[in-house]
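# Fold and geometry: a report
The primary structure of each chain is shown beneath.
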Amino acid sequence: MVYTDALRKFSREAVGEETNPYRIAKKLYAAVDRIPWAGAREYSTISNISDYALHAGHADCGQQTLLLMTLLRLNGIPARWQSGWVYGDDGYTNMHDWAWMYLAPYGWMPVDVTTGRFDSSDAQLADFYFGGFDAYRIAYNDDYGRDFVPAKTHERSETVDSQRGEVEWEGGNLYFDQWDYDYETQVLPAKA
């Protein structure tokens, strides 16, 4: 994560004179939430994802998350990556990224800026994903840009995230458009 002049300026404008870490985090969360979600380029094609998310006018979940993490860290608030899969009762499934931030005395709290603020007059509901978590997700990765074990022999398709996995054969890497994946979930009945 690189703290560019543009990221520092964006942070100053969002945070103002605030010094309380909780309120700083909440202001940064709201500022990044105003950047609309949209599908975006593969992460491995972007040299500074946080700066890209700030300037592109839109960002996907991982780019929004990395921007928020960069801003939190810039302001002295520890933040870490989480990615995996989200699903819904209606059969919806998709890859998804979110973050965790450390706020004393609460500890590590989830923060999902992509899901963002709900349009609600109830402040607790509006900010549910600022410290709240739903049960419709499965975490796969606790970090980004990590090496595979066992290591890949050929160049990776995605150097940042790994929700889809990677496929290669002795002749080289197989990029995502050369294979397909499927993810199925099953909700198990509660034990009596």
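Figured I'd write up the structure that's included with this text. Values in this document were obtained by computation on a predicted structure and should not be read as measured data. (Residues numbered from 1 in each chain as written. Predicted model: local features only at pLDDT ≥ 70, side-chain atom pairs only at ≥ 80, totals over all residues. Heavy atoms only, no water.)

### Topic: unusual backbone geometry
- Of note, the bond from Ala 104 into Pro 105 is cis; its omega dihedral lies within 30 degrees of zero at 5°.
- Within the fold, Pro 105 resides in the loop between strand 2 (93-103) and strand 3 (107-111).
- Cis peptide bonds are those with omega within 30 degrees of zero, and the linkage from Val 149 to Pro 150 qualifies with 0°.
- Along the polypeptide, Pro 150 turns up in the loop between strand 4 (137-141) and strand 5 (167-169). (Helix = DSSP H or I, 4+ residues; strand = E, 2+ residues; numbered from the N terminus.)

### Overview of the sheet that holds strand 1 (residues 79-87)
- With respect to topology, four strands assemble into an open sheet ordered 3-2-1-4, the strand pairing being antiparallel. Only two strands of the sheet have a single neighbouring strand rather than two, namely strand 3 and strand 4. Recorded for the sheet is a direction-independent mean angle of 40° between the axes of neighbouring strands.
- Across nine bridges, the pairing between strand 1 and strand 2 is antiparallel. In the strand pairing of strand 2, Tyr 87 is matched with Thr 93. (Pairing = 2+ DSSP bridges. Axes fitted to C-alpha atoms, helices over the stretch in contact; angles between N-to-C directions.)

### Remarks on the pattern of salt bridges
- Per the counting criterion, the structure on display carries seven salt bridges.
- Between Arg 23 and Glu 18 there is a salt bridge, with its nearest N and O atoms 3.4 Å apart.
- Taking relative accessible area as the criterion, Arg 23 reaches 46% and is therefore assigned partly exposed.
- For Glu 18, a relative accessible area of 21% puts it in the partly exposed group.
- The closest approach of N and O atoms between Arg 117 and Asp 127, which form a salt bridge, is 2.6 Å. On the criterion of sequence distance, the pair formed by Arg 117 in the loop between strand 3 and helix 5 (123-126) and Asp 127 in the loop between helix 5 and strand 4 is long-range, its members being ten residues apart.
- In this structure Arg 117 comes out as partly exposed when scored by relative accessible area, which is 40%.
- For Asp 127, a relative accessible area of 10% corresponds to the buried category. (Salt bridge = Lys/Arg side-chain N within 4 Å of Asp/Glu carboxyl O. Buried < 20%, exposed > 50% of the residue type's maximum accessible area, 1.4 Å probe, protein only.)

### A short note on the packing of helix 1 (residues 5-15) against helix 4 (residues 61-74)
- Put simply, helix 1 and helix 4 touch, their axes get as near as 10 Å, and they point 75° apart. Taken together, the axes of helix 1 and helix 4 are roughly perpendicular relative to one another. Across from Leu 7, Arg 8, Phe 10 and Ser 11 in helix 1, the residues of helix 4 making contact are Leu 67, Thr 70, Leu 71 and Leu 74. (Parallel < 35°, antiparallel > 145°, perpendicular 65-115°, else oblique. Contact = heavy atoms within 4.5 Å.)

### Remarks on the packing of aromatic side chains
- The final tally for this structure, using the stated rule, is ten aromatic pairs.
- Measuring from ring centre to ring centre gives 5.5 Å for Phe 118 and Tyr 129, while their planes differ by 55°; the resulting arrangement is tilted. Taken together, the positions of Phe 118 in the loop between strand 3 and helix 5 and Tyr 129 in the loop between helix 5 and strand 4 put the pair eleven residues apart, joining distant regions of the chain.
- Since its relative accessible area comes to 33%, Phe 118 is described here as partly exposed.
- Judged by centre distance (5.1 Å) and plane angle (50°), the ring pair of Tyr 175 and Phe 176 falls under tilted.
- Judged by its relative accessible area of 30%, Tyr 175 is partly exposed.
- With relative accessibility at 12%, the residue Phe 176 sits in the buried group.
- By the ring-pair criterion, three or more aromatic residues cluster together here, those being Tyr 22, Tyr 29 and Phe 130.
- For the cation-ring pair, Arg 80 lies above Trp 108, with the distance from its terminal atom to the ring centre recorded as 4.7 Å. (Phe/Tyr/Trp six-rings, centres within 6.5 Å; stacked < 30°, edge-to-face > 60°. Lys NZ or Arg CZ within 6 Å of the ring centre and 35° of its normal.)

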